[in-house]
Amino acid sequence: MCDIDLKLICEYYSKIDRQGPGSPEITRKALSFVNGLEPASKIADLGCGTGGQSMELARATEGQVYGLDLFPHFIDIFQKNINASGLQNRLTALVGSMDKLPFQEEELDLVWSEGAIYNIGFEEGLQYWRRFLKKDGYVAVSEASWFSRERPKEIQDFWEREYPGIDTIPNKMAQMQNAGYSLVASFVLPDYCWTENFYKPQISMQDSFLKENEGSKAAQELVESQNFEMRMYEQYKKYYGYAFYIGRKI
Ligand code: SAH
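About the cut-offs
- Residues numbered from 1 in each chain as written.
- Predicted model: local features only at pLDDT ≥ 70, side-chain atom pairs only at ≥ 80, totals over all residues.
- Heavy atoms only, no water.
- Phe/Tyr/Trp six-rings, centres within 6.5 Å; stacked < 30°, edge-to-face > 60°.
- Helix = DSSP H or I, 4+ residues; strand = E, 2+ residues; numbered from the N terminus.
- Buried < 20%, exposed > 50% of the residue type's maximum accessible area, 1.4 Å probe, protein only.
- Near = heavy atom within 4 Å.
- Polar contact = N/O pair within 3.5 Å; in protein donor to acceptor, adjacent residues only side chain to side chain.
- Nonpolar A, V, L, I, M, F, W, Y, C, P; charged D, E, K, R; others polar.
- Pairing = 2+ DSSP bridges.
- Right-handed = clockwise from strand over helix to strand, strands pointing away.
- Expected span 1.5 Å × (residues − 1).
- Bend = angle between axes of the 7 residues up to and from the residue.
- Salt bridge = Lys/Arg side-chain N within 4 Å of Asp/Glu carboxyl O.

Enquirer: What am I meant to see in the packing of aromatic side chains here?
Expert: One pair of aromatic rings is described through two measures. These are the centre distance and the angle between the planes. All told, the structure shown has 23 aromatic pairs when counted by the stated rule. On the basis of an interplanar angle of 80° and a centroid distance of 5.2 Å, the ring pair of Tyr12 and Tyr13 is categorised as edge-to-face. Seen from their ring centres, Trp159 and Tyr240 are 5.4 Å apart, and the 65° between their planes marks the pair as edge-to-face. Residue Trp159 is located in helix 6 (residues 153–162), and its partner Tyr240 is located in strand 8 (residues 240–249); the two are separated by 81 residues in the primary sequence. Both residues of the pair, Trp159 and Tyr240, belong to the buried class.

Here it is as structure tokens:
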């Protein structure tokens with residue numbers, strides 16, 4: 001992907017509150033499987049985007065939350081939201097890469113990542129992040145998953161192109177175990193996390209995005225590819241979605 005594409009994608013996603021499927025209730029549901037957090041606990045939210053779920057983690061716990069993302073523009077937005085939140089003493093926004101973490105080994109109580117671990121691969125990410133967790137620390141990630149063993153060719157081909165790392169829930173569970181965790185829980189994100197919370201806000205802002213980028217073929221193509229993704233979801237959502245996987249370091 002060239003820089004200009006990345007800049008456009010970044011601009012597109014900056015216009016909405018979330019950069020992937022999810023919801024505050026689902027963040028809290030996943031968090032309900034994590035025990036023993038206290039004020040001294042350290043939580044890293046990797047690939048936090050503009051930090052929606054990092055703020056939820058700060059509201060729902062008493063710990064220190066570090067949201068990290070590769071894109072400075074997302075982190076700028078996150079920082080503005082932190083400044084307005086009254087939670088400045090418990091939230092830190094960091095520019096960085098999830099494959100080069102700025103933490104000490106065994107420093108973290110919880111590693112969080114919603115819809116972002118695919119950037120370095122599910123099993124690879126879980127393996128690499130494990131060293132930063134304290135003994136008995138937790139990991140919680142959401143990840144694209146197949147709901148059936150077989151599926152129609154069109155959606156299979158779509159995901160082969162977009163993210164070949166997508167796999168069935170039992171296979172993802174096995175990968176979590178292979179990476180050195182015991183599985184605590186897994187559940188599928190409900191449909192509204194995609195439709196209401198992720199796709200609908202995109203539809204609402206696409207006109208203004210296209211207006212701001214009038215004449216840009218790349219902007220037009222980006223919107224078209226997002227709309228294609230939405231149509232795929234509508235048509236094939238019984239075959240795939242996001243699942244949360246919560247594990248504990250062993
Ligand atoms: N967790 C957010 C964002 C998910 S989108 C949400 O659910 O709304 C995936 C995010 O991963 C994007 O914000 C993207 O900038 C970030 N990302 C991509 N590669 C990354 C990397 N190597 N390190 C950290 N973040 C990365």
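Enquirer: Would you mind showing me how to read the site of the ligand here?
Expert: Near the ligand you find 19 residues, and of these Gly47, Asp69, Phe71, Met98 and Glu114 are the closest. At 2.8 Å from a nitrogen atom of the ligand is found a main-chain nitrogen or oxygen belonging to Met98. Of the residues in the shell around the ligand, the class split is seven nonpolar, nine polar and three charged.

Enquirer: So what exactly am I meant to see when it comes to the pairing of strand 3 (residues 91–95) here?
Expert: When a strand is regular, its side chains alternate between the sheet's two faces. The pairing of strand 2 (residues 64–69) with strand 3 spans five bridges and is parallel. Paired with Gly67 across the strands is Ala93, a residue of strand 3. In terms of handedness, the path from strand 2 via helix 4 (residues 72–85) over to strand 3 forms a crossover that is right-handed.

Enquirer: Would you take a moment to explain helix 8 (residues 192–212) for this structure?
Expert: Quick reminder: α-helices carry 3.6 residues per turn. Residues three or four places apart thus point the same way. Counted at 1.5 Å a residue, the expected span for helix 8 with its 21 residues is 30 Å, and the 29 Å between its end C-alpha atoms agrees. Met205 marks where helix 8 bends most, by close to 45°. Buried within helix 8 are the following residues: Cys193, Trp194, Phe198, Tyr199, Gln202, Met205, Gln206 and Phe209.

Enquirer: Quick question: what am I supposed to make of the pattern of salt bridges here?
Expert: Side chains carrying opposite charge are able to pair once their charged atoms draw close together. This model, assessed by the stated rule, comprises 13 salt bridges. One salt bridge in this structure joins Glu107 and Lys42, with 2.8 Å as the shortest N-O distance. Pair noted here: Glu107 is in the loop between strand 3 and strand 4 (108–114) and Lys42 is in strand 1 (residues 42–46), with a separation of 65 residues, a long-range link. Assessed through its relative accessible area of 17%, Glu107 is described here as buried. Of the charged contacts, one joins Glu221 and Lys217 as a salt bridge, the two residues approaching to 3.1 Å between their closest N and O atoms. In this pair, Glu221 and Lys217 are both assigned in helix 9 (residues 217–236), four residues apart and thus about one turn of the helix distant. With a relative accessible area of 43%, Glu221 lands in the partly exposed category.

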